[in-house]
Amino acid sequence: MFNDLGILELVTLVVLAVLVFGPDKLPKVIQDVSRFVRKVKDFSESAKADIRTELGPEFKDFEFEDLNPKTFLRKQLEGNEDFKELKELRGSFDLKKEMNEVADAVHGRETETPSVPAAVNGSPDLLKKQDKPGTGERPPYDSDAT
């Protein structure tokens, strides 16, 4: 909960607590707050234990942290083969290199190693400079551009 609390914030909280409660009442307030936090934690643990016993033995490995959507998705996708391929693809993708290659293609400069194949599934190479159509010829129609 307080993982990102810096030293300046802690000093500010201590000074504020001394100003609000005074140095004579501050130890009593700290004890009351720590007692309250301990009671809330104990209540939370007992509620978790009650829920686990009510769910039964088939949910013996149930963890409440699994209810976090991020954790749930990560756990479900870990064994999936497509997820492994996606991780590999994500690791091999260099956005800066790709952007430089596109900028070079737009400006007409040649790149050393083209990363896009000439034709993928019959689609034209968009990075290759297109020849101008003849006088009676219509320019190619791009359905994605309209």
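Comments concerning the overall build of the protein
- The secondary structure content of the protein amounts to four helices and zero strands.
- Traced from its N-terminal end to its C-terminal end, the protein shows the element sequence α-α-α-α.
- The buried share among the 146 residues of the protein stands at 5%.
- Long-range pairs, those at least 24 residues apart, make up 3% of the contacts in the protein between residues at least 6 apart in sequence.
- Carbon and sulfur atoms make up 60% of the accessible area of the protein, which totals about 13800 Å².

A closer look at helix H4 (residues 95-107)
- Helix length check: H4 (13 residues) gives 18 Å between terminal C-alpha atoms against 18 Å at 1.5 Å per residue, within 8%.
- Within two residues after H4, Gly108 carries a phi angle of roughly 85°, on the positive side.

Things to note about the pattern of salt bridges
- On inspection of all chains with the given rule, the structure shows three salt bridges.
- Measuring nitrogen to oxygen at the nearest pair gives 3.3 Å for the salt bridge that ties Asp32 to Lys28. Taken as a pair, Asp32 and Lys28 lie in helix H1 (residues 7-55) at a separation of four residues, close to a single helical turn.
- Overall, the relative accessible area of 33% leaves Asp32 in the partly exposed class.
- Note that Arg35 is salt-bridged to Asp32, the shortest N-O span being 3.2 Å. With Arg35 and Asp32 both in helix H1 and three residues apart, the pair spans about one turn of that helix.

A look at a nonpolar patch on the surface
- A cluster of nonpolar residues, Leu5, Ile7, Leu8, Leu10, Val11, Leu13, Val15 and Leu19, forms a patch on the protein surface that exposes about 790 Å² of accessible area.
- Note that Ile7 resides in helix H1.

Structural notes on the environment of Thr71
- Tracing the backbone shows Thr71 in helix H2 (residues 69-77).
- Ignoring any residue separated from it by four or fewer positions in sequence, one finds Thr71 in contact with Glu65 and Asp66.

Criteria and cut-off values
Residue indices begin from 1 for each chain and proceed along its sequence in written order. Local features in this predicted model are restricted to residues of pLDDT 70 or higher, and side-chain atom pairs are both shown and tallied only at a pLDDT of 80 or more, whereas totals for entire chains, interfaces and linings draw on every residue. Remark: hydrogens and water are excluded; side-chain values derive from all non-hydrogen atoms of the structure. Each helix is a run of H or I in the DSSP string that is no shorter than four residues. Each strand is a run of E no shorter than two, and both are numbered from the N terminus. A simple rule labels every residue: compare its accessible area, found with a 1.4 Å probe on the protein chains alone, to the largest value its type can have, and call it buried under 20%, exposed over 50%, or partly exposed in between. It only takes one pair of heavy atoms within 4.5 Å for two residues to be counted as in contact. To be clear on the numbers: accessible area is Shrake-Rupley with a 1.4 Å probe, and residue cover counts the displayed protein chains and nothing else. By this rule, a helix spans an expected 1.5 Å times one less than how many residues it contains. We define a salt bridge as a side-chain nitrogen of Lys or Arg found within 4 Å of a carboxyl oxygen belonging to Asp or Glu. Residues qualify for a patch when their relative accessible area is over 30% and they have no salt bridge, like charges being joined within 9 Å and the nonpolar side chains of Val, Leu, Ile, Met, Phe, Trp and Tyr within 5 Å.

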